[in-house]
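# Examination of the molecular architecture
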Amino acid sequence: ITEVSVEVDTIQPKMIGWTYAEQESNNPDYDAKNDLWAAAANDPGATSGPGFVDILTGTIEMTGAAGYGEHDEDLFMITVPSEVYLSIILDWDSADDIDYYVLGPRDGDPVSDYEDDSDYYAQPEFGVTRELLLPGETYYIWVAGYAGSDGSIATYTVELEYLSP
């Protein structure tokens, strides 16, 4: 007989909607903003919506330099089926520093009042948008290396949880 242990979040159980692994090349030109991002972004399809957690996975290769644009970057585009707040948890398996942003539909700038609740160099990083994401609009999840050892590879997971207003 094999013993199996299952952990359930009894405060707020989460059901996995879908899992999507990044596909290269999905490295955006940050300065190009929205005009060229749709062509560079991975599109995992329709989000699952409230009550579900969708998962993005990928890798970031570090170059040893510090700053955005110096390391690998991954871009995903999402649309939501209804008005939601978006909760994000980014976790990775290395000592490198990687970050994420939720970028808005209008000009590719971070969604206004987006809050990253984690500390600098925190692992995992997490936050919740204070602004509702609107149905039919395209939002981008940008994952990027900031600082790390040359040649190091950070394997990451991003959990997207959709919260009803």
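The following paragraphs examine the structure supplied in this document.

What counts as what
- Residues numbered from 1 in each chain as written.
- Predicted model: local features only at pLDDT ≥ 70, side-chain atom pairs only at ≥ 80, totals over all residues.
- Heavy atoms only, no water.
- Core = buried A, V, L, I, M, F, W, Y, C linked by side-chain atoms within 4.5 Å.
- Buried < 20%, exposed > 50% of the residue type's maximum accessible area, 1.4 Å probe, protein only.
- Helix = DSSP H or I, 4+ residues; strand = E, 2+ residues; numbered from the N terminus.
- 1 Å grid on protein atoms, 1.4 Å probe; cavity = no way out; pocket = protein on both sides within 12 Å on 5 of 7 lines; lining within 4 Å.
- Points joined across faces, edges and corners; volume = space filled by probe spheres on them.
- Phe/Tyr/Trp six-rings, centres within 6.5 Å; stacked < 30°, edge-to-face > 60°.
- Pairing = 2+ DSSP bridges.

### Topic: the nonpolar core
Membership of the largest hydrophobic core comes to 25 residues, with the highest contact counts inside it found for Leu86, Ile98, Ile141, Val143, Tyr156, Val158 and Leu160. Sorting the residues of this core by element identifies strand 1 (15-21), strand 2 (52-61), strand 3 (73-78), strand 4 (85-92), strand 5 (97-103), strand 8 (139-147) and strand 9 (153-163) as the ones contributing at least two each. Residue contributions to this core peak at five residues, all from strand 9. Ala41, Leu75, Met77 and Leu103 belong to the second largest nonpolar core, which has seven residues in total.

### Some points on empty space enclosed by the protein
Summed over all chains, the structure comprises one cavity of 30 Å³ or more. Taken as a whole, the largest cavity holds about 30 Å³ of empty space. What lines the largest cavity is simply Lys14, Ser87, Ile89, Glu159, Leu160 and Glu161. For the lining of the largest cavity, the secondary-structure elements that each account for two or more residues are strand 4 and strand 9.

### Topic: the packing of aromatic side chains
A ring pair, where both rings are aromatic, is described by two values, the distance of the centres and the angle of the planes. Per the counting criterion, the structure on display carries two aromatic pairs. Seen from their ring centres, Tyr20 and Phe76 are 6.3 Å apart, and the 85 degrees between their planes marks the pair as edge-to-face. Note that Tyr20 is positioned in strand 1 and Phe76 in strand 3, a separation of 56 residues in sequence. Of the two residues, Tyr20 and Phe76, both sit in the buried class.

### Some remarks on the pairing of strand 4
By the bridge criterion, eight bridges tie strand 4 to strand 9 in an arrangement that is antiparallel. Bridge pairing links Leu90 to Val158 in strand 9. As paired elements, strand 4 and strand 7 (residues 125-129) share four bridges and run antiparallel to each other. Of the residues in strand 7, the one forming a bridge with Ile89 is Phe126.

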